[in-house]
Amino acid sequence: MALLKIVEYPDTRLKGLAQPVARIDREIRQLADDMAETMYDAPGIGLAAPQVAAGQRLIVVDVSDGRNELLTLINPEIIEKSGEEEMKEGCLSVPGVLETVRRADRVKVRAQDVSGKTLELEADGLLAVCLQHEIDHLNGVLFVDHLSRLKQNLIRRKAEKRMRQHG
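First things first, this report covers the structure right here in the doc. (Residues numbered from 1 in each chain as written. Predicted model: local features only at pLDDT ≥ 70, side-chain atom pairs only at ≥ 80, totals over all residues. Heavy atoms only, no water.)

## Here's the deal with the overall build of the protein
For the protein, the helix and strand inventory stands at three helices and seven strands. Counting from the amino terminus, the protein carries its helices and strands in the arrangement α-β-β-β-β-β-β-β-α-α. Relative to the compact-globule value of 15 Å for 167 residues, the protein shows a C-alpha radius of gyration of 15 Å, a close match. Taken over 167 residues, the protein has a buried fraction of 46%. Sequence separation of 24 or more characterises 64% of the internal contacts of the protein that already satisfy a separation of 6 or more. By element, 48% of the accessible surface of the protein is carried by carbon and sulfur atoms, the whole surface being about 9,100 Å². (Helix = DSSP H or I, 4+ residues; strand = E, 2+ residues; numbered from the N terminus. Rg over C-alpha atoms; globule rule 2.2 N^0.38 Å. Buried < 20%, exposed > 50% of the residue type's maximum accessible area, 1.4 Å probe, protein only. Contact = heavy atoms within 4.5 Å. Areas by Shrake-Rupley, 256 points an atom, 1.4 Å probe, with all protein chains shown as cover.)

## Quick notes on unusual backbone geometry
If a residue is not glycine, its phi is most likely negative; likewise, a peptide bond is most likely trans. For the bond from Y9 to P10, the omega torsion is 10 degrees, close enough to zero to count as cis. Note that P10 resides in the segment before α1 (26-41). In this structure, P43 follows A42 across a cis peptide bond, with omega equal to -15 degrees. Take P43: it is sitting in the loop between α1 and β1 (46-48). If you check the backbone angles, R67 has positive phi at about 55 degrees while not being a glycine. Residue placement: R67 occurs in the loop between β2 (58-61) and β3 (71-82).

## Side note on the pattern of salt bridges
Counted according to the given criterion, the structure contains 16 salt bridges. The closest approach of N and O atoms between R103 and D136, which form a salt bridge, is 3.0 Å. In this pair, R103 is assigned in strand β5 (residues 94-103) and D136 in helix α2 (residues 125-138), connecting sequence segments 33 residues apart. Among the residues examined, R103 registers a relative accessible area of 7% and is labelled buried. The salt bridge partner of R110 is E120, with a shortest N-O separation of 3.0 Å. One end of the pair, R110, is in strand β6 (residues 106-112); the other, E120, is in strand β7 (residues 118-124), with ten residues separating them in the sequence. (Salt bridge = Lys/Arg side-chain N within 4 Å of Asp/Glu carboxyl O.)

## Some thoughts on the side chain of R162
Locating R162 in the fold gives a position in helix α3 (residues 149-166). A polar atom in the side chain of R162 sits 3.0 Å from the side chain of E8. The residues touching R162, leaving out its near neighbours within four places in the chain, are E8, Y9 and P95. (Polar contact = N/O pair within 3.5 Å; in protein donor to acceptor, adjacent residues only side chain to side chain.)

## Side note on the state of the cysteines
In a disulfide, the sulfur atoms of two cysteines are covalently bonded to one another. Enumeration according to the criterion identifies zero disulfides in this entry. Left unpaired, C91 is separated from the closest cysteine sulfur, that of C130, by 10 Å. (Disulfide = S-S within 2.5 Å.)

## Let's talk about the sheet that holds β6
Across the sheet, which stays open at both edges, the five strands sit in the order β1-β2-β3-β6-β7 with antiparallel pairing between neighbours. Only two strands of the sheet have a single partner each, and these edge strands are β1 and β7. Shown here is a sheet whose adjacent strand axes are inclined to one another by a mean of 40 degrees, direction ignored. (Pairing = 2+ DSSP bridges. Axes fitted to C-alpha atoms, helices over the stretch in contact; angles between N-to-C directions.)

## Thoughts on the pairing of β7
Two elements, β6 and β7, share seven bridges in a ladder whose sense is antiparallel. Residue pairing across strands places A111 opposite L119, the latter belonging to β7. Here β6 folds back onto β7 in antiparallel fashion, the turn holding five residues, of which G116 has a positive phi close to 95 degrees.

## Some points on the nonpolar core
One finds I59, L73, V107, V109, A123 and L131 to be the most contacted residues of the largest nonpolar core, which totals 16 residues. Residue assignment for this core shows that the elements contributing at least two residues are β2, β6, β7 and α2. No other element matches α2, which puts five residues into this core. Excluding its chain neighbours within four sequence positions, the residues that come into contact with V107 are I78, E80, K81, L121, E122, A123, A128, L131 and Q132. (Core = buried A, V, L, I, M, F, W, Y, C linked by side-chain atoms within 4.5 Å.)

Here it is, written out as structure tokens:
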């Protein structure tokens, strides 16, 4: 396994549409393993392939306290949403920023696991928020895109300044 470099906002690679995974092979499983290692090391609770410059529809998520309930979802899609809640969110691609985002409280997601088996999972609370956040990444949407234009501009300016200072 290997640690991958996390792409940081406002890098344009974060705005692209990730492509469906056509075949679940050794390469995809390796990418999933590397993404999980990168997420745990960061430390984070979710990571999408575009965040490590891989343009595929693949996410890893673990919201457990013990960091031992890894979900690897290939070609995930939200098939049902209900309720509404607000929660503070951060993002490994937008370091140092925590903002309140409004999302669905409950979701049902269909995806494939690393063996290619189709699964459906229902989630609420933090897991539901995390799944929506990571699936957004696959569609070129960042959590900051859910904020007011004013907050988006402030965060963008801060990120651009950070990039200039750290190259």
